[in-house]
Amino acid sequence: MHLSSHTWMRPESLETSLKRLSSLGYSSIELEGEPDLFPIDETRALLAKYNIKCWGVVTIMQGSRDLTAVDPKQRRDTIQYIKDVISLSAALDGQIVTIVPARVGKITPTSSPEQEWGWVVEALREVAEFAKTSTNGRIRIGIEPLNRFETYFLNRTDQALALADAVGYDCGIAFDPFHLALEEKDMLEAMRKCGSRIVDFHAADNNRLAAGDGSFNWPEMMAVLRETGYTGGLAVECMPPIDRSPVGNFSLNQVEADTKNVDVAPDRLQFIIDHGSALLSDEYYTYLLKRSAETLRPFTEN
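As the structure is a prediction and not an experimental result, all values here were calculated from the model.

Overview of the nonpolar core
Here comes step 1: The biggest cluster of nonpolar side chains holds 95 residues, and the ones touching the most others in it are Phe201 and Trp218.
Here comes step 2: Discounting residues that sit within four places of it in the chain, Trp218 has contacts with Phe201, Ala203, Ala204, Asp205, Ala211, Gly212, Thr295, Leu296 and Phe299.

A closer look at the pattern of salt bridges
Here comes step 1: Tallied over the full model, the rule gives 21 salt bridges.
Here comes step 2: We note a salt bridge from Asp66 to Lys106, for which the minimum N-O separation is 2.8 Å. With Asp66 in the loop between strand E3 (53–59) and helix H3 (72–91) and Lys106 in the loop between strand E4 (96–99) and helix H4 (113–134), the pair connects residues that are 40 residues apart, well separated along the chain. The two residues Asp66 and Lys106 agree in class, both being buried.
Here comes step 3: Two residues, Arg197 and Asp165, come together in a salt bridge whose shortest N-O distance is 3.0 Å. Here Arg197, found in the loop between helix H7 (187–194) and strand E7 (198–203), pairs with Asp165, found in helix H5 (residues 157–167); they are 32 residues apart in sequence, far enough to count as distant.
Here comes step 4: The partly exposed category is assigned to Arg197, whose relative accessible area is 22%.
Here comes step 5: Each member of the salt-bridge network shares a partner with another, and the members are Arg10, Glu12, Arg20 and Asp282.

Examining the packing of H7 against helix H8 (residues 218–227)
Here comes step 1: Remark: H7 packs on H8, axes separated minimally by 9 Å, with the N-to-C direction vectors making an angle of 15°. Here H7 is positioned roughly parallel relative to H8, judged by the angle of their axes. The handedness of the crossing between H7 and H8 is right-handed. In this structure, H7 uses Met187, Leu188, Met191 and Arg192 to contact H8, whose residues at the interface are Glu220, Met221, Val224, Leu225 and Glu227.
Here comes step 2: Classifying every residue of the contact of H7 with H8 by side-chain character gives six nonpolar, no polar and three charged.

Some details on the side chain of Glu150
Here comes step 1: Structurally, the position occupied by Glu150 is in the loop between strand E5 (140–143) and H5.
Here comes step 2: Here Glu150 is in contact with Arg103, Val104, Gly105, Lys106, Ile107, Phe178, His179, Arg208 and His275, once residues within four sequence places are set aside.

A few points about unusual backbone geometry
Here comes step 1: Even without a glycine there, the phi angle at Asn51 is positive, about 55°.
Here comes step 2: For Asn51, the location among the structural elements is in the loop between helix H2 (40–49) and E3.
Here comes step 3: Positive phi, normally seen in glycine, also occurs at Asp93, with a value near 65°.
Here comes step 4: Tracing the backbone through its elements, the reader meets Asp93 in the loop between H3 and E4.
Here comes step 5: Residue class for Asp93 comes out partly exposed when judged on its relative accessible area of 48%.

Overview of the sheet that holds E4
Here comes step 1: As summarised here, the arrangement of the eight strands in space is E1-E8-E7-E6-E5-E4-E3-E2, forming an open sheet in which the pairing is parallel. Each edge of the open sheet is held by one strand with a lone partner, namely strand E1 (2–5) and strand E2 (28–33). Ignoring strand direction, the axes of neighbouring strands in this sheet form an average angle of 30°.
Here comes step 2: In this sheet, E5 lies alongside E4 in parallel orientation, the contact comprising four bridges. Paired with Val97 across the strands is Ile141, a residue of E5.
Here comes step 3: Set on the sheet, H7 makes contact with strand E6 (172–175) and E7; between it and E6 the angle comes to about 155°.

Some thoughts on the packing of aromatic side chains
Here comes step 1: Enumeration over the complete set of coordinates arrives at four aromatic pairs.
Here comes step 2: When the ring of Trp8 is compared with that of Phe271, the centres are 5.3 Å apart and the planes differ by 70°; the resulting orientation is edge-to-face. With Trp8 in the loop between E1 and helix H1 (14–23) and Phe271 in helix H9 (residues 266–274), the pair connects residues that are 263 residues apart, well separated along the chain.
Here comes step 3: For the ring pair Phe175 and Phe201, a centre distance of 6.1 Å and an interplane angle of 0° mean the geometry is stacked. Pair noted here: Phe175 is in strand E6 and Phe201 is in strand E7, with a separation of 26 residues, a long-range link.
Here comes step 4: Classification of Phe201 as buried rests on a relative accessible area of 0%.
Here comes step 5: Sitting over the ring of Tyr81, Arg65 keeps its end group 3.8 Å from the ring centre.
Here comes step 6: Stacked on the ring of Trp119, the Lys or Arg Arg75 has its end atom at 4.1 Å from the ring centre.

Each value, and the rule that gives it
- Residues numbered from 1 in each chain as written.
- Predicted model: local features only at pLDDT ≥ 70, side-chain atom pairs only at ≥ 80, totals over all residues.
- Heavy atoms only, no water.
- Core = buried A, V, L, I, M, F, W, Y, C linked by side-chain atoms within 4.5 Å.
- Buried < 20%, exposed > 50% of the residue type's maximum accessible area, 1.4 Å probe, protein only.
- Contact = heavy atoms within 4.5 Å.
- Salt bridge = Lys/Arg side-chain N within 4 Å of Asp/Glu carboxyl O.
- Helix = DSSP H or I, 4+ residues; strand = E, 2+ residues; numbered from the N terminus.
- Axes fitted to C-alpha atoms, helices over the stretch in contact; angles between N-to-C directions.
- Parallel < 35°, antiparallel > 145°, perpendicular 65-115°, else oblique.
- Left-handed = near helix turned anticlockwise from the far one by under 90°.
- Nonpolar A, V, L, I, M, F, W, Y, C, P; charged D, E, K, R; others polar.
- Pairing = 2+ DSSP bridges.
- Phe/Tyr/Trp six-rings, centres within 6.5 Å; stacked < 30°, edge-to-face > 60°.
- Lys NZ or Arg CZ within 6 Å of the ring centre and 35° of its normal.

So this is what it looks like as structure tokens:
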């Protein structure tokens, strides 16, 4: 296993992210699924400059992106979006793509369970076939279940495994302990049941702070993950709440002091806000990645 990190939690240039990760001993990066942000030649040059590999890409299910949508055109557009994400990962020599089927923040259904399940299975079969044929099998997709406060569709690993079985094409699971600690009776047993189907692992503590700043037993969790045969990235994905109370550290630069000077698209900012967080300062964000690396490094090969 190796240290990796997502990029979506703090809007900044890719070079800024890579420079920080390189200085902290990370080996790879899991890019946010916004192909327009990552021109292939420029991105490959930056990855090489900082000796960071692209582990993969995660779909950013915001706006109209939703495989459970009633509108057929909306579903078609979402399928094309996911294909573009797969192409991005492949072009950057990535190994995985993590897929969230429904729009994040959509917590009530818009159709029957049977219709939604059928739509998602049909869409992901097309996506999985595309991944297999267009990349010669180099990209493996993993379905990520989220907690009930972010989606009503797919909250547990048994649901994700059933969906992966219905899709076929060696479809796997992206295991995120932050989400699954809320939904599973026994998270470690759920990890064991996923076994070799785990294709990606997202790393934050139970409170979505840095690994080591919560209550998770990381040695135990990493031992079970190793049992499954997983050898991929431990992709740090901290999304801390901002403490505005008198006992918090709001005055200690948790967030950017002047968000007017931050160049971020409205949808991207809203996606972060919908996750209960804000635009984190460089100082605080660097701490989260440093602390996570210190906690996770003993379980890696890098």
